[in-house]
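Structural description and commentary
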Amino acid sequence: MKRFLTSVIDPFLLVLLATVGLAALLPAQGQAADILDVVAGIAIALLFFFHGAKLSREAILAGLGHWRLHLTVLGFTFAIFPVLGLGAGFLAPALISPVIAAGVLYLCLLPSTVQSSIAFVSIAGGNVPAAICSASASNLLGIFLTPVLVGLLMHTTGQAGVSLDALRSIIVQLLVPFVAGHLLRPLIGGFVQKHKQVISYTDRGSILLVIYSAFSAAVVEGLWHKVDIGDIAMIVVISSVILGIVLYLSGLAGRLFGFSREDRIVLVFCGSKKSLVSGVPMASVLFPVAQVGLIILPLMIFHQIQLIICTWLAAKYRREGLGEGQGD
């Protein structure tokens, strides 16, 4: 049991929860909040700069031949998930508040993860080069597609949009650093690879800064008067149902489309993930600061649920693969 809990509970989640607790007890206000917003903005730009620097063109080229697989993964990420997110919205306000429903929809519009998707595919015995290509393509396209989908599907006035200010913020804070990092990869790629552990702390530190800033503003606006334990429980249920549907449909689609076992594993894991690393910074750009805390709450919960379920599922695939190998 101890080994299982260690494998499925991301230690970063505990730090993340501690950050939320700190924001609840000591929220940043006034000038401190303004300074924190500036620092968080710089940290977000640095995060996307290193994302660009870590994106390997060689790995992408190695997996490009699996275009049918990649299109299917993107279909689940940016089509099936949004449909399920819209469906969850019909539950409001009977079961969940409209803002929580908006948060569920927002997580459904995000790109896939990169590191965890590749890691799970590797553990399960899937096609790792194809996973690198699919996950990287999802993250890159997400910089463009997620804001567009937010503007098209999240209609609530003032909640989100693709205004000129939002587009400018996305370009300056996300796209420009990403492109700059990728263009500089020939010069700094070795440094990034050598210090990837330190850079991962930079990534997570950026997320923690944004989360502290977002929840500070939300607490000042009365977050805990708007969310109760029933809302949290409903987010857990809805997130689990959405993830379960996507996992089932992606496995079914892999068989119907005639993908190999290795490629089906890529579809299942890359097509079912949602990125906390991309979602939190994007939310800080797309939404009013007082709403960001509520919007990203479903994403934070979904993030841990997907880690738990996919850890179990990757181990199951691995055992099945070893059994097939012994049978041969």
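Residues numbered from 1 in each chain as written. Predicted model: local features only at pLDDT ≥ 70, side-chain atom pairs only at ≥ 80, totals over all residues. Heavy atoms only, no water.

1. Notes on the overall build of the chain
How we decide: Only DSSP runs of H or I covering at least 4 residues are called helices, and only runs of E covering at least 2 are called strands; the numbering of each starts at the N terminus. Note on classification: 1.4 Å probe, protein chains only; a residue is buried when its accessible area is under 20% of the maximum for its type, exposed when over 50%, partly exposed between these limits. Throughout, a contact is declared for two residues whenever any of their heavy atoms are within 4.5 Å. Per-residue and other accessible areas follow the Shrake-Rupley method at a 1.4 Å probe size, with only the shown protein chains counted as cover for residues.
Along its length, the chain carries 16 helices and zero strands. Considering the chain as a whole, with its 328 residues, one finds that 50% of them fall into the buried category. Counted over contacts in the chain with a minimum sequence separation of 6, partners at least 24 positions apart contribute 88%. For the chain, the computed accessible surface area is about 15100 Å², with 70% contributed by carbon and sulfur atoms.

2. Thoughts on helix 6 (residues 98-108)
Burial within helix 6 is extensive, with nine of its 11 residues counted as buried. Taken residue by residue, helix 6 has Ile100, Ala101, Ala102, Gly103, Val104, Leu105, Tyr106, Leu107 and Cys108 as its buried positions.

3. Considerations on the packing of helix 7 (residues 115-124) against helix 14 (residues 261-270)
Quick note on the threshold: Fitted lines through C-alpha atoms serve as axes, helices being fitted only where they are in contact, and the angles separating the N-to-C directions of these axes extend from 0 to 180 degrees. In this scheme the handedness of a crossing depends on how the near helix is turned from the far one: anticlockwise by less than a right angle means left-handed, clockwise means right-handed.
Viewed as axis vectors pointing N to C, helix 7 and helix 14 meet at an angle of 145 degrees, and their least axial separation amounts to 9 Å. Considering the relative orientation of helix 7 and helix 14, their crossing is right-handed. Residues Ser117, Phe120, Val121 and Ala124 of helix 7 form the contact with helix 14, whose own contacting residues are Arg261, Ile265, Val266, Phe269 and Cys270.

4. So, the nonpolar core
Quick reminder of the rule: In this text, buried Ala, Val, Leu, Ile, Met, Phe, Trp, Tyr and Cys residues form a nonpolar core when linked through side-chain atoms within 4.5 Å.
Within the largest apolar cluster, 91 residues are counted, with the highest numbers of intra-cluster contacts made by Tyr106, Phe215, Phe269 and Phe287. The greatest single-element share of this core, amounting to 15 residues, is contributed by helix 16 (residues 289-327). Look past the residues within four positions of phenylalanine 269 in its chain and what remains in contact with it is Ser117, Phe120, Val121, Ala124, Cys310, Leu313, Ala314 and Tyr317.

5. Examining the packing of aromatic side chains
How we decide: Centres within 6.5 Å make a pair out of two Phe, Tyr or Trp rings, where for Trp the six-membered ring is used; the pair is then stacked when the planes are under 30 degrees apart, edge-to-face when over 60, and tilted otherwise. In this analysis the charged atom, NZ for Lys or CZ for Arg, is taken to sit over a ring once it is within 6 Å of the ring centre and within 35 degrees of the ring normal.
On inspection of all chains with the given rule, the structure shows six aromatic pairs. Both rings, one in tyrosine 106 and one in phenylalanine 287, keep their centres 5.1 Å apart while their planes meet at 90 degrees; by these two values the pair is edge-to-face. Within this pair, whereas tyrosine 106 is found in helix 6, its partner phenylalanine 287 is found in the loop between helix 15 (276-286) and helix 16, the two being separated by 181 residues in sequence. The pair formed by tyrosine 106 and phenylalanine 287 is uniform in burial state, with each residue classed as buried. When the centroid spacing of 6.0 Å and the interplanar angle of 85 degrees are considered together, the rings of phenylalanine 257 and phenylalanine 259 count as edge-to-face. A relative accessible area of 43% means that phenylalanine 257 is categorised as partly exposed. An aromatic cluster is defined as three or more aromatic residues linked by ring pairs; in this entry it consists of Phe120, Phe269 and Tyr317. Sitting over the ring of phenylalanine 78, lysine 274 keeps its end group 5.9 Å from the ring centre.

6. What about the confidence of the model for the chain?
Definition in use: A score between 0 and 100, pLDDT records how confident the predictor is in each residue.
In this model, the chain carries an average pLDDT of 82, and 86% of its residues clear a pLDDT of 70 or more. Counted against residues more than four places away or in other chains, residues 156-161, with its pLDDT under 50, gives 16 contacts.

7. Thoughts on the pattern of salt bridges
Side chains that differ in sign of charge can pair as their charged atoms come close. Short version of the rule: By definition here, a salt bridge exists when the distance from a side-chain nitrogen of Lys or Arg to a carboxyl oxygen of Asp or Glu is within 4 Å.
Within the structure shown, the criterion is met by one salt bridge. With its nearest N and O atoms 2.7 Å apart, the salt bridge here joins lysine 316 to glutamate 320. In this pair, lysine 316 and glutamate 320 both sit in helix 16, four residues apart, roughly one turn of the helix. Look at glutamate 320 and you get partly exposed, because its relative accessible area is 35%.

8. A word on the state of the cysteines
Here is the rule: For this text, the term disulfide refers to a pair of cysteine sulfurs within 2.5 Å.
According to the stated counting rule, one finds zero disulfides in the structure shown. For cysteine 270, which is in no disulfide, the shortest distance to another cysteine sulfur is to cysteine 133 and amounts to 9.7 Å.

9. A few points about the side chain of serine 213
Position of serine 213 among the secondary structure elements: in helix 11 (residues 196-220). Residue classification places serine 213 among the buried residues on the basis of a relative accessible area of 10%. With near-sequence residues (within four places) excluded, serine 213 lies in contact with Leu36 and Asp37.

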